[in-house]
Amino acid sequence: MLPWRGSTLLDLCARRMTAKAARHRYVQLEDARLARAITTILFASSPSVDEATDWLDTVAHTFAGAEPGPVPPWAFNTFATLQSLHMHLTRGLAGRGTPPHAEAVATRVVDILRGPFPWLL
C-alpha cells in the first residue's frame, strides 16, 4: 500500500481556515464545502488515527493564548468550518457514511470548539 499523503492536504485545509489575513467571513457556504473536502480526504487510503487528527494541531496552536474579545474573520471562519466538519463527521456523507476515525477527529474538533463554546459537552 502506498503511504498516506492526505496529511499534506489536511494541513493545507487547516492553514486555509486559520489564515489570519482573511478579511471577510464565509458567507457562501465555504465552511461546509471545506468541511466536505476534509471529510473526503479522510476517506482516502485509510489513514491512521494520528494521520487523521494531527492536522488539527495547526488549528489548536492558532488559538493558543487567545483572549476573549471581538472575533476576527479568520476565527469566525475556523469556528464555522469546525462546526460544519463535526456535523459531516457525525452524520456522514450521502452514499459514503463516515470516514475512518471520524469519531477521533470529531472529538478533537469539539476539544478545539470548547475554547469559544465552553458549554459544549
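Residues numbered from 1 in each chain as written. Predicted model: local features only at pLDDT ≥ 70, side-chain atom pairs only at ≥ 80, totals over all residues. Heavy atoms only, no water.

Peer 1: Lay out the environment of H86 in plain terms, naming residues and giving numbers.
Peer 2: Mapped onto the elements, H86 comes out in helix α5 (residues 73-91). Residues H86 and T39, spaced 47 residues apart in sequence, show a C-alpha to C-alpha distance of 9.6 Å. When neighbours within four sequence positions are excluded, H86 is seen to be in contact with A106, V109 and V110. (Helix = DSSP H or I, 4+ residues; strand = E, 2+ residues; numbered from the N terminus. Contact = heavy atoms within 4.5 Å.)

Peer 1: Can you lay out the pattern of salt bridges for me, pointing to particular residues and giving the numbers?
Peer 2: If you walk through the whole model with that rule in mind, you get three salt bridges. Of the charged contacts, one joins R114 and D111 as a salt bridge, the two residues approaching to 2.7 Å between their closest N and O atoms. Note on R114: relative accessible area 31%, which makes it partly exposed. (Salt bridge = Lys/Arg side-chain N within 4 Å of Asp/Glu carboxyl O. Buried < 20%, exposed > 50% of the residue type's maximum accessible area, 1.4 Å probe, protein only.)

Peer 1: An account of the nonpolar core is requested, with residue identities and associated values reported.
Peer 2: Counting 27 residues, the largest nonpolar core has M17, I38, W55, L56, V59, L82 and V105 as the members making the most contacts within it. Mapped by element, the contributors of at least two residues to this core are α1 (6-17), α2 (30-43), α4 (56-62), α5 and α6 (102-113). Those residues in contact with I38 that sit more than four places away from it in its chain are L10, C13, M17, W55 and L85. (Core = buried A, V, L, I, M, F, W, Y, C linked by side-chain atoms within 4.5 Å.)

Peer 1: Got a sec to walk through the packing of α2 against α5? Specific residues and values, please.
Peer 2: For the pair α2 and α5, interaxial distance at closest approach is 8 Å and the crossing angle is 50°. Comparing the axis directions of α2 and α5 gives the class oblique. Our pair here, α2 against α5, has a crossing hand that is right-handed. For the pair formed by α2 and α5, the contact residues are D31, A32, L34, A35, R36, I38, T39 and L42 on the first element and A80, T81, S84, L85, H88 and L89 on the second. Residues of the contact of α2 with α5, tallied by class, amount to eight nonpolar, four polar and two charged. (Axes fitted to C-alpha atoms, helices over the stretch in contact; angles between N-to-C directions. Parallel < 35°, antiparallel > 145°, perpendicular 65-115°, else oblique. Left-handed = near helix turned anticlockwise from the far one by under 90°. Nonpolar A, V, L, I, M, F, W, Y, C, P; charged D, E, K, R; others polar.)

Peer 1: Mind laying out the confidence of the model for the protein chain, listing which residues take part and the relevant values?
Peer 2: Note that predicted coordinates carrying low pLDDT should not be read in detail. With 97% of its residues at a pLDDT of 70 or more, the protein chain has an overall mean of 93. Considering each helix and strand of the protein chain separately, the mean pLDDT is smallest for α1, with a value of 92, and largest for α6, with 98. (pLDDT = per-residue confidence, 0-100.)

Peer 1: So what about the packing of aromatic side chains? Which residues, and what values?
Peer 2: Note on aromatic pairs: each is described by the distance of the centres and the angle between the planes. Enumeration according to the criterion identifies four aromatic pairs in this entry. The interplanar angle of 25° and the centroid separation of 5.2 Å between the aromatic rings of F63 and W74 together place this pair among those described as stacked. Highlighted residues: F63 in the loop between α4 and α5 and W74 in helix α5, separated in sequence by 11 residues. Residue F63 is classed as buried on the basis of its relative accessible area, which comes to 17%. Classification of W74 by relative accessible area gives buried; the value is 11%. Aromatic rings pair up to connect F63, W74, F79, F117 and W119 into one cluster. The residue whose ring lies beneath R25 is F76, and the NZ or CZ to ring-centre distance is 3.9 Å. The positively charged end of R96 is found above the aromatic ring belonging to F43, 4.0 Å away from the centroid. (Phe/Tyr/Trp six-rings, centres within 6.5 Å; stacked < 30°, edge-to-face > 60°. Lys NZ or Arg CZ within 6 Å of the ring centre and 35° of its normal.)

Peer 1: Please set out α1 residue by residue, giving values where relevant.
Peer 2: Taking 1.5 Å of rise per residue, 12 residues should cover 16 Å, and α1 covers 17 Å from first to last C-alpha, within 8% of that figure. Where α1 is concerned, the buried positions are G6, L10, C13, A14 and M17. Down the axis, α1 shows its buried residues gathered within 100° of arc, on one side only. Packing partners of the buried residues in α1 comprise α2, α3 (49-53), α4 and α5. (Expected span 1.5 Å × (residues − 1). Arc of directions from axis to C-beta.)

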